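Chain by chain, the residues run as shown.
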2 protein chains.
Amino acid sequence: MLKAVQNLGSSSVFLSQLWKKAHHNTACGLSSVAISTNPLSNSASTDRRRRRHASTIEPDFFILPVFSTRGIRSFRESRVCVTRSESNPDATSPSSSSVLVQSAGNVHKINFCQWCGGSTKHDIPDGEEKMRAICTVCGKIAYQNPKMVVGCLIEHDKKILLCKRNIEPSYGLWTLPAGYMEIGESAADGAIRETWEEAGADVEVVSPFAQLDIPLIGQTYVIFLAKMKKPHFSPGPESSECRLFALDDIPFDSLAFSSIFVTLNLYIDDIRTGRLKFHYGTINKRPGSSPSDMRAFSLDYHCGPDM
Amino acid sequence: MLKAVQNLGSSSVFLSQLWKKAHHNTACGLSSVAISTNPLSNSASTDRRRRRHASTIEPDFFILPVFSTRGIRSFRESRVCVTRSESNPDATSPSSSSVLVQSAGNVHKINFCQWCGGSTKHDIPDGEEKMRAICTVCGKIAYQNPKMVVGCLIEHDKKILLCKRNIEPSYGLWTLPAGYMEIGESAADGAIRETWEEAGADVEVVSPFAQLDIPLIGQTYVIFLAKMKKPHFSPGPESSECRLFALDDIPFDSLAFSSIFVTLNLYIDDIRTGRLKFHYGTINKRPGSSPSDMRAFSLDYHCGPDM
């Protein structure tokens, strides 16, 4: 079972006062932040659909940190996580309902050279230290690198826009609009594109908010603060619903991904402390944890300017 | 020819005073920042060596912005760039001295499925908008995504550590220690690793400093401020020399990559303005520029907290 999540311990009056400070010139009221203690249900997905590349992100675990009065920094010391499914959506067939899974960075699954078709050997090249798939015909190396997932944290009328996933992984759970960054676009453009595709919202980027690396699955989340150009949104094909949530209504017990959980908590903590900052951090599995069991993760390297 | 680079216009006294402010508790003197007006020589590489993956980064262009009294923000309005070589070092043979080039994101160079060896077709999958290489046998899609280059801007004794490249691309030119982020590591760990490999320096990350996307070549630079645990460095195999540079001695006329040029100027500008910030930006080619000619680039989306 997952460990219960405790309340941030912030009063509504305090948050209300600090929202204005965090947003410089925005005066608004804000009720208290109460994070649900409900554990994540593993049976949330009932009508599973096939995945599409553009929105299939961080599939593997879910973090429930324990907050202390020190706020979000307690991420470093205590959190509990469960592994929900081992999957990575790099390779899916658009014409098949079956989900084809490729683990992040498994060099041994690369059997052929994508340029010449020659078979590969798996070896450590001269001058390197990591195992690579090397073509036995042309000699090219099939390098694998982490993927960037880009998305938007959209503030509107003191609320945050979330999307309920209409696809796997994490079907039926809530997330920020986000997806894989494409070749030829910037992270900001990718985040804007994904927001349009998943939430039908035309947004502009305000500021970078967080970079969260997840080495376990070879992904890096880059989340921007953004705002809607027009107050309109509607779910795209990958979302069953889009909704603005007040901070005290965010469904922390049914978020899709640990990165989203961390991002939203960092955001709330910034509101609480009165200043929106940029956050870098690494979501790491605790050493010694077993792949088949519930896991413990930590937010390491949590740093940023003025921290 | 490249356009001359103008002086940042900062006085040594001003910078000296503001270094302390930017570093909060560090008091030090700093002489004036004078950026060279020398154009980049295209004949810098005389004894070219084969490239290695770990350090082969952003090969394609070089930015020389024109500064105004507004400082680094003038990146947005005016800069000049030259395309030096069209190359991307994704695929190199460790056993061959010839450089095998793969353009970033050229789906038409993917001819075979790396999982089953089947031939690919190039088409837009259902529900997507971009051309992909799709296996005609197993149906898997070979997605291509931008790569992250991670590195360190190392401050030591009021100086910055740079490495002279001993490999292509940009052989003989100066850069920050940086290279491709690997599967299974965080950006911070990757930056620390690259610094050790290229500069023999054991560093710790202080704070994220910049994310610079380069959509043209499908790369994103993530640069951290870092400091040496011990005051020791020595060039690794990919560097012919490592040296600490005072800010007024940085060799701006012989830097290896536009991203490094931008990063160092953002850093100097932060020192000048008295506060180190996090910077997001996109290095874009100016619309309408020709592939075979000198180019104009702009730093778009330049933003960050407190900008």
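Because the structure is predicted, anything quoted here is derived from the model rather than measured. (Residues numbered from 1 in each chain as written. Chains lettered and ligands numbered in written order. Predicted model: local features only at pLDDT ≥ 70, side-chain atom pairs only at ≥ 80, totals over all residues. Heavy atoms only, no water.)

Student: Hey, could you run me through the sheet that holds strand β4 (residues 132-135) of chain B in this one?
Tutor: Residue and element names in this part refer to chain B. The strand order β3-β4-β5 describes an open sheet built from three strands, whose pairing is antiparallel. Lying at the two open borders of the sheet, with one neighbouring strand each, are β3 (120-123) and β5 (141-142). Across four bridges, β3 lies against β4 in antiparallel orientation. Paired with K121 across the two strands is I134, which belongs to β4. (Pairing = 2+ DSSP bridges. Helix = DSSP H or I, 4+ residues; strand = E, 2+ residues; numbered from the N terminus.)

Student: Help me out: how do you make sense of the interface of chain B and chain A in this one?
Tutor: How big an interface is tends to be expressed through the accessible area that disappears when the partners come together. Taken together, the contact between chain B and chain A spans 71 residues of the former and 71 residues of the latter. Of the roughly 6000 Å² buried where chain B meets chain A, counting both sides, 56% is carbon and sulfur surface. When the buried area of chain B at its contact with chain A is split by residue, Q114, W115 and I183 of chain B rank highest and sum to 12% of it. Our enumeration of links across chain B and chain A arrives at two salt bridges. (Contact = heavy atoms within 4.5 Å. Buried area = accessible area lost by both parts, 1.4 Å probe. Salt bridge = Lys/Arg side-chain N within 4 Å of Asp/Glu carboxyl O.)

Student: Explain the relation of the copies chain B and chain A here, please?
Tutor: What connects the two chain copies is a rotation about an axis and a shift along it. The transformation that overlays chain B on chain A combines an axial shift of 0.0 Å with a rotation of 180 degrees, and the residual RMSD is 0.0 Å. Here the copies are linked by what is in effect a two-fold axis. If distances are taken from each C-alpha of chain B to the rotation axis, the shortest is found for Q114 of chain B, at 2.5 Å. (Least-squares fit on C-alpha atoms with pLDDT ≥ 70 in both.)

Student: Can you walk me through the environment of L225 of chain A in this structure?
Tutor: All names here are of chain A. Here L225 shows up in strand β11 (residues 219-228). Counting along the chain gives 18 residues from L225 to S207, while the straight-line C-alpha distance between them is 5.3 Å. The residues contacting L225, other than those within four sequence positions of it, are L153, E155, E204, V205, V206, S207, F209, Y267 and L276.

Student: Would you mind showing me how to read the environment of P208 of chain B here?
Tutor: Within the fold, P208 of chain B resides in strand β10 (residues 203-214). Residue classification places P208 of chain B among the buried positions, given a relative accessible area of 3%. Ignoring sequence-local partners within four residues, the contact set of P208 of chain B consists of F278, Y280, C303, G304 and P305 of chain A together with I223, F224 and F278 of chain B. (Buried < 20%, exposed > 50% of the residue type's maximum accessible area, 1.4 Å probe, protein only.)

Student: Teacher, can you tell me more about the pairing of β11 of chain A here?
Tutor: A regular strand places its side chains so that they alternate between the two faces of the sheet. Residues and elements named next belong to chain A. β11 sits mainly inside the fold: nine of its ten residues count as buried. Examined bridge by bridge, strand β6 (residues 147-156) and β11 share eight bridges and lie parallel to one another. Among the inter-strand pairings, I154 is bridged to a residue of β11, identified as A226. Two elements, strand β10 (residues 203-214) and β11, share ten bridges in a ladder whose sense is antiparallel. Of the residues in β11, the one forming a bridge with V205 is A226.

Student: What is the right way to read the state of the cysteines from this model?
Tutor: Two cysteines form a disulfide when their sulfur atoms are joined by a covalent bond. All names here are of chain A. A complete count under the given rule lists zero disulfides over all chains for this structure. C113 carries a free sulfur, and the closest cysteine sulfur to it, the one in C138, is 3.7 Å from it. Counting only cysteine sulfurs, C242 is the nearest neighbor of C163, a cysteine outside any disulfide, at a range of 3.7 Å. By relative accessible area, C163 is classed as buried at 1%. (Disulfide = S-S within 2.5 Å.)

Student: Honestly, the packing of aromatic side chains in this entry has me stumped. Any pointers?
Tutor: Describing an aromatic ring pair means giving the distance of the ring centres and the angle of the ring planes. All names here are of chain A. Tallying each qualifying case throughout the model produces nine aromatic pairs over all chains. Ring geometry for F209 and Y267: centres 6.0 Å apart, planes at 75 degrees, overall edge-to-face. Placement of the pair is F209 in strand β10 and Y267 in helix α3 (residues 258-273), with a sequence separation of 58 residues. The same class applies to F209 and to Y267, which are both buried. (Phe/Tyr/Trp six-rings, centres within 6.5 Å; stacked < 30°, edge-to-face > 60°.)

Student: Looking at this structure, how should I read the confidence of the model for chain A?
Tutor: All names here are of chain A. Averaged over every residue, the pLDDT of chain A is 72; residues scoring 70 or more account for 62%. Scored below 50 in pLDDT, residues 1-18 makes 52 contacts in the model with residues more than four places away or belonging to other chains. Low pLDDT, under 50, characterises residues 290-295; the stretch is placed with 14 contacts to residues that sit more than four places away or in other chains. (pLDDT = per-residue confidence, 0-100.)

Student: When you look at the pattern of salt bridges in this model, what are you seeing that I'm missing?
Tutor: When charged atoms on two side chains of opposite charge get close, those side chains can pair. Under the defined criterion, the tally for this structure stands at 19 salt bridges over all chains. Where R132 of chain B meets E182 of chain A, a salt bridge forms, and the shortest distance between an N and an O atom there is 2.5 Å. Remark: E182 of chain A occurs in the loop between β9 (178-180) and α2 (187-199) and R132 of chain B occurs in strand β4; the pair is interchain, linking two chains. With respect to burial, R132 of chain B and E182 of chain A carry one shared label: buried. Of the charged contacts, one joins R193 of chain A and E194 of chain A as a salt bridge, the two residues approaching to 3.0 Å between their closest N and O atoms. When sorted by exposure, R193 of chain A lands in the same class as E194 of chain A, which is buried.

Student: Would you explain the sheet that holds strand β4 (residues 132-135) of chain A in this entry?
Tutor: Strand pairing in a sheet takes place through backbone hydrogen bonds and is either antiparallel or parallel in direction. All names here are of chain A. Strand order across the open sheet formed by three strands is β3-β4-β5, with antiparallel pairing between neighbours. The open sheet has two edge strands with one neighbour each: β3 (120-123) and β5 (141-142). Strand direction decides the pairing type here: β4 and β5, joined by two bridges, are antiparallel. Each residue of the ladder has a partner; that of I134, found in β5, is I141.

Student: It is not clear to me how unusual backbone geometry should be interpreted in this structure. Could you clarify?
Tutor: Most peptide bonds take the trans form, and the phi angle of most residues other than glycine is negative. Cis geometry marks the peptide bond from E168 of chain A to P169 of chain A; its omega dihedral reads -5 degrees. A positive phi angle, near 55 degrees, is found at D157 of chain B, a position not held by glycine. With respect to the helices, strands and loops of the structure, D157 of chain B is situated in the loop between β6 (147-156) and β7 (159-165). For D157 of chain B, a relative accessible area of 55% gives the class exposed.

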